[in-house]
Amino acid sequence: MAEQYFVTRGSEGLQKYSYPACETVESVFTSAKRCSGVCMSKNGQFIAVCNGSETVVYDVVENKMIATLARKRTMLMTFSPKNTHLVTWKQYQVSEDCPENTPNVEIWKLDAAEPQQEKPVYGFVKRGQSEWSPQWSEDEVTCARACNAEVQFFENNDFSAVAKRIQRDKVGGVYVAPGGDPYHVALYVPSIKGAHAFVQLYLYGTFEKTAAVAHRSFMKVDNVDIKFNKTGKCGIIIASNDVDKTGSSYYGQTLLYFISIRGESNQIVLKKNGPVYCVEWNPTRDEFIVLYGFMPCKGTLFNVKCDPIHEFGENHYNEILFNPQGNMVGLCGFGNLRGKIKFYDTENKKLLSDFVAADATYFEWAPSGDVFITGTLSPRLRQDNEFKLWDVSGKILHHYRVPSDDTQLWQLKWINSATLLPPPPVPRPATSKEIAAGKPQAYRPPGSRGGPAAATRNLLPNVNNAGVYKPGHDARQSQPSKQALKKSEKTRKSCQANRRRERETRAYNGRFAVDYC
């Protein structure tokens, strides 16, 4: 098995681990200092670390430093698709050093010839964390950022001039579809003065209002998100509002729509009322899974025509996690749910395993697609922070828990592979006995569970060797006391005397019996 690596960020600093050895590995970016942010490039070659005094970019493959950026309060970072630029975000604030409208989102060019960089190539103000990063096409030919009333496009990473614009009364978000030339861009315009909100899909370069490839309008929508498939030819619009005026749901209302470059914009019909918890495309197939409905929620697999092709049943889920190769998927319930996980074979739609990862707040597949990591991270849970490595069958391969409650884990991240690894072999489906063994059992006291705990059975009062409770029985007493023996003998003699008197009474009464026959 090829070695894989992952990093942990916490109060004890930044560490690199290897798998399957599960040991710490010395690296140029490991540090005992607290770091406020860590970001991995998509191909796993670069890692960006903010150590509190500066932001440093390292080459993980060659194990050397690439660039040092003069920013000490960086909280969020992301790499461009081809790793030519790094985007950083820090909390917006006004002070003597940072006057009003000082950019808090900055784009830095990563150049090994200039390791020390003081100024970014471009910057702008973005107060919130939602949709904070500009979006590139996969070949970095175009880059888009949304302003209040327009969308600005830059070409070939030239940020000195705006190449193209989309101007509207208000812009809620812009989404660049994956895939190559021809490029497609989706634009979300929120509701203004009672007008409908809408999403329009454009071919890049033709941004007139009447030139939209596809159009979908909504009423009473507060938030919109769009998830494209891998090719970028179709996507799912997730339209939600925070308050359901019908009163049927505390979580508001969510509707799903399908949109494509062929002009389709249809609503996806769901068979159960309630919120939509998660929607995910298969990374290698034109199919997607939706978790929806009041708990226990329903899981349904749809094809690219939005027809349901498989039902996963109802359970307590809120996340869908495909492995990178797309041949296995996990339906999970994390956060405020107890951590139930079910893995399925996406080819044959068969259940592979069913188990519980208790108190898990984070999940991520390894690049190999046959191992995953779960973590109990702060600040979601501040006590008993830990991470576990599992295989698909539910077997724990490695378990690490922080040494004390004062130590915290904040982030876990696999170092991605430069190329997509071949799909791992799908394990055999779990048998009915294995599934039953993985289900939670009724509570049994330690003395009746067998195994090592049975050694303490003799220390428990009123429990015999079979682990059964008996009043008056004390397994700690190997020999009865003298008083107990005397009492037992007195009781035995009293019982014998009673039985003897009963026999004599019956014999005496029989002597005076009258025969009337």
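For the structure, check the block above.
Residues numbered from 1 in each chain as written. Predicted model: local features only at pLDDT ≥ 70, side-chain atom pairs only at ≥ 80, totals over all residues. Heavy atoms only, no water.

Draft legend 1. Highlighting the overall build of the chain. Per the secondary structure count, the chain includes two helices and 38 strands. For the chain, buried positions account for 43% of its 517 residues. The contacts of the chain with a sequence gap of at least 6 include a subset with a gap of at least 24, amounting to 38%. For the chain, the accessible surface area stands at approximately 28200 Å², while carbon and sulfur atoms represent 50% of it. (Helix = DSSP H or I, 4+ residues; strand = E, 2+ residues; numbered from the N terminus. Buried < 20%, exposed > 50% of the residue type's maximum accessible area, 1.4 Å probe, protein only. Contact = heavy atoms within 4.5 Å. Areas by Shrake-Rupley, 256 points an atom, 1.4 Å probe, with all protein chains shown as cover.)

Draft legend 2. Main features of a negative patch on the surface. A cluster of acidic residues, D359, D384, D405 and D406, forms a negative patch at the surface. Residue position: D359 is located in the loop between β31 (350-356) and β32 (362-365). Taking the relative accessible area as the measure of exposure, D359 reaches 51% and is therefore exposed. (Patch = residues over 30% accessible without salt bridge, like charges linked within 9 Å, V, L, I, M, F, W, Y side chains within 5 Å. Salt bridge = Lys/Arg side-chain N within 4 Å of Asp/Glu carboxyl O. Lys, Arg positive; Asp, Glu negative; His and termini not counted. Charge placed at Lys NZ, Arg CZ, Asp CG, Glu CD.)

Draft legend 3. Structural view of the nonpolar core. Counting 17 residues, the largest nonpolar core has Y188, V199, F218, V224, I226, F228 and I237 as its most contacted members. Elements with a contribution of two residues or more to this core: β17 (184-189), β18 (197-203), β19 (214-218), β20 (223-228), β21 (234-241) and β22 (253-260). Each residue touching V199, except ones within four places of it in the same chain, is listed here: L187, Y188, A214, H215, R216, F218, V224, I226, I237 and I259. (Core = buried A, V, L, I, M, F, W, Y, C linked by side-chain atoms within 4.5 Å.)

Draft legend 4. Layout of the pattern of salt bridges. The full count for this structure, using the stated rule, is 14 salt bridges. Of the charged contacts in the structure, one is a salt bridge between E150 and R165, with a shortest N-O distance of 2.8 Å. Here the residue E150 occupies a position in strand β14 (residues 150-155), and R165 occupies one in strand β15 (residues 164-167), the gap between them amounting to 15 residues. What makes E150 buried here is its relative accessible area of 14%.

Draft legend 5. Examining the sheet that holds β31 more closely. Read from one edge to the other, the open sheet built from four strands follows the order β28-β29-β30-β31, with strand pairing classed as antiparallel. The open sheet terminates on both sides in strands that have one partner only, identified here as β28 (319-322) and β31. With direction set aside, neighbouring strand axes in the sheet form an average angle of 20°. Inspection of the sheet shows β28 paired to strand β29 (residues 328-332) by four bridges, in the antiparallel sense. If you follow F322 over to β29, its bridge partner there is V329. (Pairing = 2+ DSSP bridges. Axes fitted to C-alpha atoms, helices over the stretch in contact; angles between N-to-C directions.)

Draft legend 6. Expanded view of the sheet that holds β22. Spatially, the four strands line up as an open sheet ordered β20-β21-β22-β23, and their pairing is antiparallel. The open sheet terminates on both sides in strands that have one partner only, identified here as β20 and β23 (265-267). Taking the axes of each pair of neighbouring strands and ignoring which way they run, one obtains an average angle of 25° across the sheet. As paired elements, β20 and β21 share six bridges and run antiparallel to each other. Along β21, the bridge assignment pairs V224 with A239.

Draft legend 7. Molecular detail of the side chain of T68. Along the chain, the position of T68 falls in strand β6 (residues 64-69). Among residues more than four places away in sequence, those in contact with T68 are E54, T55, V56, P115, Q116 and Q117.

Draft legend 8. Looking closely at unusual backbone geometry. M295 connects to P296 through a cis peptide bond whose omega is -5°. Position of P296 relative to the elements: it lies in the loop between β25 (287-292) and β26 (297-303). For the bond running from S378 to P379, omega is 10°, close enough to zero to count as cis. Along the chain, P379 turns up in the loop between β33 (371-376) and β34 (386-391). You will see that N157, though not glycine, has its phi angle at about 60°, which is positive. Inspection of the secondary structure assignment puts N157 in the loop between β14 and β15. In the Ramachandran plot, K349 falls in the positive-phi region, its phi being about 60° despite a non-glycine side chain. Assignment of secondary structure puts K349 in the loop between β30 (340-345) and β31.

Draft legend 9. Examining a positive patch on the surface more closely. On the surface, R499, R500, R501, R503 and R506 cluster together into a patch of positive charge. Along the chain, R499 turns up in helix α2 (residues 482-510). For R499, a relative accessible area of 47% translates into the label partly exposed.

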